[in-house]
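# Summary of structural features
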Amino acid sequence: MGLYEETGERLRRGMEGGRAETLKVIASVVLSRLRADGGRLRKMMERYRRIKEGAVGRLEELVGLAKDSLRAVGCEVFEARRGGEAVDYLLKQMGDERVVVKSKSNTLKELDLVERLEERGVEVVETDLGDRIIQLAGEEPLHPVGPAVHLTLEEVARALSREVGRELPPDVEEIIKASRLRLRERILEAKVGLTGANAIAAEEGAVGLVENEGNISLITRLPEKHLAVAGIEKIVPTLEDAATVMKTCEAFLTVTGAYHSFIRGPSRTADVMGIEQFGMHGAKEVHVVLLDGWRREAVRMGLEEVLYCCNCGACLSVCPVLLEAAQAFSSRVGAGPVGVVRTWFVLGPEEAVRAGLFACTGCGACREICPGSIDFPSIIERLRAEACERGLVLPPHISVAENIRKTGNPFGERRPQP
Amino acid sequence: MELWFFRGCMSTFRERGIAEATVEILRKVSLPFRLFDRETCCGSVLFRTGQVEEAEEVRRRNEEEFSRLGVRRLLTACPGCYSTFRREYSLPGVEVLHLTQLLRGLLVEGRLRLGRREVKATYHDSCHLGREWGLYEEPREILKSVPGLELLEMSLSREFSRCCGAGGGVRSAFRELSSAVSRSRVGDALEAGAQLLVTSCPFCYHHLREAAEGRMEVKDLSMLVRELMEG
Ligand code: SF4
Ligand code: SF4
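Since the structure is predicted, the reported quantities are computational estimates derived from the model, not experimental observations.

## Some remarks on the overall build of chain B
If you tally the helices and strands in chain B, you get eleven helices and eight strands. Whereas a compact globule of 231 residues would reach a radius of gyration of roughly 17 Å, chain B reaches 17 Å, a difference of no more than 12%. Each principal axis of the C-alpha atoms in chain B carries an extent, and together these give about 50 × 45 × 25 Å. A burial count over chain B gives 63% of its 231 residues as buried. For chain B, the proportion of contacts with a sequence separation of at least 24, taken over those separated by at least 6, is 70%. Between the centroid of the 35 positive side chains of chain B and the centroid of its 34 negative side chains there is a distance of 2 Å.

## A look at the domain arrangement of chain A
All names here are of chain A. In terms of domain boundaries, chain A breaks down into domain 1 (3-36 + 313-405) and domain 2 (40-127 + 191-296). Inter-centroid distance (C-alpha atoms) of domain 1 to domain 2 is 28 Å. Between domain 1 and domain 2, the contact holds 16 residues from the first and 15 residues from the second. In total, domain 1 and domain 2 occlude about 1,500 Å² of area from one another, counting both sides; carbon and sulfur atoms represent 60% of this. On the surface where domain 1 and domain 2 come into contact, there are three residue pairs in polar contact (both at pLDDT 80 or more). Mapped by element, the contributors of at least two residues to the side of domain 1 that touches domain 2 are α2 (19-36), α15 (336-347) and α17 (365-369). Residue classes in the side of domain 1 that touches domain 2 are distributed as ten nonpolar, two polar and four charged.

## Section: the packing of helix α8 (residues 129-137) of chain A against helix α9 (residues 153-164) of chain A
All names here are of chain A. Between α8 and α9, whose axes approach to 9 Å, the crossing angle comes to 80°. Relative to α9, the element α8 lies roughly perpendicular. Of the residues in α9, those in contact with Arg132, Ile133, Leu136 and Ala137 of α8 are Val156, Ala159, Leu160 and Glu163. Here the contact of α8 with α9 is composed, by residue class, of six nonpolar, no polar and two charged.

## Regarding the nonpolar core
Grouped together as the largest cluster of nonpolar side chains are 108 residues, with contacts concentrated most on Ile200, Val207, Ile235 and Leu357 of chain A together with Phe174 of chain B. When near neighbours in sequence (up to four residues on either side) are disregarded, Phe174 of chain B contacts Tyr4, Thr7, Gly8, Leu11, Phe358, Ala359 and Leu394 of chain A. Counting residues in each nonpolar core, the second largest holds 78 residues, with Cys42, Val119, Leu149 and Leu228 of chain B among its members.

## Some points on the site of ligand 2
If you check the shell around ligand 2, you find Cys309, Cys310, Asn311, Cys312, Gly313, Ala314, Cys315, Val338, Cys370, Pro371, Ile374 and Phe376 of chain A and nothing else. Each residue belonging to the shell around ligand 2 can be placed in one class, and the counts come to ten nonpolar, two polar and no charged.

## Topic: the pattern of salt bridges
Residues and elements named next belong to chain A. Across all of its chains, the model carries 59 salt bridges over all chains by this definition. Here Arg354 and Glu6 are joined by a salt bridge, their closest N and O atoms 2.5 Å apart. With Arg354 in helix α16 (residues 349-354) and Glu6 in helix α1 (residues 3-16), this residue pair connects regions lying 348 residues apart in the sequence. Here the salt bridges share partners, and the residues they tie into one network are Glu123, Arg132, Glu163, Arg182, Glu185, Arg186 and Glu189.

## A word on the interface of chain A and chain B
With 49 residues of chain A in contact, the opposing surface of chain B contributes 46 residues. Of the roughly 4,000 Å² buried where chain A meets chain B, counting both sides, 62% is carbon and sulfur surface. Counting the contacts that link chain A with chain B gives four salt bridges. For Glu176 of chain B, the salt bridge is made with Arg12 of chain A, and the minimal N-O distance between the two is 3.0 Å. On the surface where chain A and chain B come into contact, there are 14 residue pairs in polar contact (both at pLDDT 80 or more). For the side of chain A that touches chain B, the element with the most residues is helix α19 (residues 395-407) of chain A, which contributes eight residues. Within the side of chain A that touches chain B, the residues separate by chemical class into 27 nonpolar, ten polar and twelve charged.

## Describing the domain arrangement of chain B
Residues and elements named next belong to chain B. Taken domain by domain, chain B consists of domain 1 (3-104) and domain 2 (112-228). Each of domain 1 and domain 2 has a C-alpha centre, and the two are 21 Å apart. Facing 28 residues of domain 1, the contacting portion of domain 2 comprises 26 residues. For the domain 1 and domain 2 pair, buried surface summed over both sides reaches about 2,400 Å², with 72% attributable to carbon and sulfur atoms. Summed over the shared surface of domain 1 and domain 2, the result is four salt bridges. The shortest N-O distance in the salt bridge between Glu132 and Arg87 comes to 3.5 Å. At the boundary of domain 1 with domain 2, the tally comes to six residue pairs in polar contact (both at pLDDT 80 or more). Among the elements of the structure, α1 (9-14), α2 (16-28), α5 (79-87) and α6 (99-108) are those that each provide at least two residues to the side of domain 1 that touches domain 2. Per-element accounting of the side of domain 1 that touches domain 2 gives the leading share, eight residues, to α2.

## As for the site of ligand 1
Around ligand 1, the structure places Cys319, Pro320, Val321, Phe329, Pro337, Cys360, Thr361, Gly362, Cys363, Gly364, Ala365 and Cys366 of chain A. Broken down by class, the residue content of the shell around ligand 1 amounts to nine nonpolar, three polar and no charged.

## Brief notes about the layout of surface pockets
The computed volume of the second largest pocket comes to approximately 800 Å³. Looking at the second largest pocket, it is lined by 41 residues, and the ones nearest its centre are Met10, Val45, Ala166, Gly167 and Phe203 of chain B. Those elements giving two or more residues to the lining of the second largest pocket turn out to be α19 of chain A together with α1, α3 (44-48), α5, α8 (170-173) and α10 (202-212) of chain B. Across the lining of the second largest pocket, the residue classes tally to 21 nonpolar, 15 polar and five charged.

## Considering the sheet that holds strand β7 (residues 196-199) of chain B
Residues and elements named next belong to chain B. Read from one edge of the open sheet, four strands run β6-β5-β7-β8, paired in parallel fashion. One side of each edge strand has no neighbouring strand; the edge strands of this open sheet are β6 (149-152) and β8 (217-220). Strand-to-strand twist across the sheet, computed as the mean angle between neighbouring axes with direction ignored, equals 30°. The pairing of strand β5 (residues 119-124) with β7 spans four bridges and is classified as parallel. Bridge pairing links Tyr123 to Val198 in β7. Packed on one face of the sheet, helix α11 (residues 221-228) meets β6, β7 and β8 and runs near 90° to β8.

## Some points on the packing of aromatic side chains
Under the definition given, this model contains twelve aromatic pairs over all chains. Plain terms: the ring middles of Tyr4 of chain A and Phe174 of chain B are 5.7 Å apart, the flat faces sit at 45° to each other, and that makes the pair tilted. Highlighted residues: Tyr4 of chain A in helix α1 and Phe174 of chain B in the loop between α8 and α9 (175-191), drawn from two different chains. Residue Phe174 of chain B is classed as buried on the basis of its relative accessible area, which comes to 6%. Taking the centre distance of 6.2 Å and the plane angle of 80° together, the rings of Tyr82 of chain B and Trp133 of chain B count as edge-to-face.

Definitions and cut-offs
- Residues numbered from 1 in each chain as written.
- Chains lettered and ligands numbered in written order.
- Predicted model: local features only at pLDDT ≥ 70, side-chain atom pairs only at ≥ 80, totals over all residues.
- Heavy atoms only, no water.
- Helix = DSSP H or I, 4+ residues; strand = E, 2+ residues; numbered from the N terminus.
- Rg over C-alpha atoms; globule rule 2.2 N^0.38 Å.
- Buried < 20%, exposed > 50% of the residue type's maximum accessible area, 1.4 Å probe, protein only.
- Contact = heavy atoms within 4.5 Å.
- Lys, Arg positive; Asp, Glu negative; His and termini not counted.
- Charge placed at Lys NZ, Arg CZ, Asp CG, Glu CD.
- Domains from an automatic or database assignment.
- Buried area = accessible area lost by both parts, 1.4 Å probe.
- Polar contact = N/O pair within 3.5 Å; in protein donor to acceptor, adjacent residues only side chain to side chain.
- Nonpolar A, V, L, I, M, F, W, Y, C, P; charged D, E, K, R; others polar.
- Axes fitted to C-alpha atoms, helices over the stretch in contact; angles between N-to-C directions.
- Parallel < 35°, antiparallel > 145°, perpendicular 65-115°, else oblique.
- Core = buried A, V, L, I, M, F, W, Y, C linked by side-chain atoms within 4.5 Å.
- Near = heavy atom within 4 Å.
- Salt bridge = Lys/Arg side-chain N within 4 Å of Asp/Glu carboxyl O.
- 1 Å grid on protein atoms, 1.4 Å probe; cavity = no way out; pocket = protein on both sides within 12 Å on 5 of 7 lines; lining within 4 Å.
- Points joined across faces, edges and corners; volume = space filled by probe spheres on them.
- Pairing = 2+ DSSP bridges.
- Phe/Tyr/Trp six-rings, centres within 6.5 Å; stacked < 30°, edge-to-face > 60°.

The structure is reproduced here in structure tokens:
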């Protein structure tokens, strides 16, 4: 099967999965919230976009500044040009530990870190409940906001029963209670916590994290070591900018009651005879990996807007293609328009085609709702042009071009007399 | 200034009713206009599918043709052509108009009066007209001027409008996906309680009418206007 047929097949399967219906429900919730206070969110989008534009515009300077400030507050900083370097560093930091507690992160997905850790015999425990359910059920996540919402209560109870060591009834409260207790045990037992970052404040040297469950607070405090991985696009000038980014991300995720944390180095105390000691209540070591990967290349190609993404997932709720084909319009590194673009850079052009580079209608609904107003139709068009140059143009599109060349119209027909 | 009407491929080969309606409207309001003897595709589909070289070729050909003919006012009924002329073409001194803009102008001047039609209608924003160029009001104003027509909004409209699913080369490459999107769009219109779904794009019209399968009436704005024009 050629790449084209394979993509068509993937899309067809995505349409049959029945998951699109669940996505439509999420979409309507997201849209109604955004409509409810459109004015406030518009303003937030504008501020957000300005901050990201400014930050990406002085990327190199901010990377340097962030490194210095993070080190000054006691973090270990590792700059990774390539994904592989980041993975090696993180594996090294794991040492002989066999368990790591992890939070949701697109950057970690990009690194395929879970696979890498599992290959080495490390057990990765997802601590976000939705992700944990998906992990235990062996399912694919549906949507970043609600990865497991397509599963029934019975399916969830079944997935968690073995983990908690008893038969769970299909009851939400029971499920939450049991998961909470079990996850706490797992977090207490782990020596390493692994997170992404929602923002990095360059001047103050702070890692900003947004969450709604509280799992991130626990896994960044309780284990001895906190490993945070951030794409360099997460760096913004100040703590205030970082707060705006986090607030915006939260608003567009439409998750309420979130915790916003800033981590500025390891936990410390000098209460015993004034001798500074690390690792009092929180982590003893904080490592920040600043990942380039493909980001500088995106800037070089003039596609820096992609770096304005905060992974809120709002675009997924309005994309007409995703609403029909669900996960078929994605790859393991992400879903929807931003997922396809990331796929291009991380997994290469062919994978991007498979993920649906040519399935986007260019409608611009994603751009409209995106807090960064990322112009995906243009970006996707640009990558299509790059794909065509590499001979990845789809057969039906070749015919259209041939028709136009021969007859002046895409149908290849003779012009009727007016 | 002389008005040149660029019919576009969709209205020439698949939905001739739209080009015919446009021509008749122009005649009825006594707006002199000219047609191109030989039109070449605007190249929109080539630009959208990344076939840049081929696209640039037709762009150059059309730009030369327009300048040879001294075109200064270019009318199209197709948002795809409209957007491509405005975005990708370099047409200094040329005013590019979409039919909805022209019609709205006529409405304001009192030169366009539409007759009664008792119907619950809804308007589907073409992505290239709405989100791309912000032409949300023009078509709605025209619809609102029809006595008896009740204009209902779909829950996904204007900037959050659901695409008809045809654009970007998706209809030609992934027909099933493309049709699924259009069926959902017709579903949006039915859910809004509309009997008539109006759009102002030959491609949306073609695609949505096919998806409606007779469940509701679908019309391009040009066709509706021609039917209801008085005087
Ligand atoms: S432009 Fe493409 S990715 Fe964005 S919403 Fe439309 S179809 Fe989806
Ligand atoms: S592209 Fe925009 S809307 Fe989509 S996840 Fe990123 S920030 Fe959110």
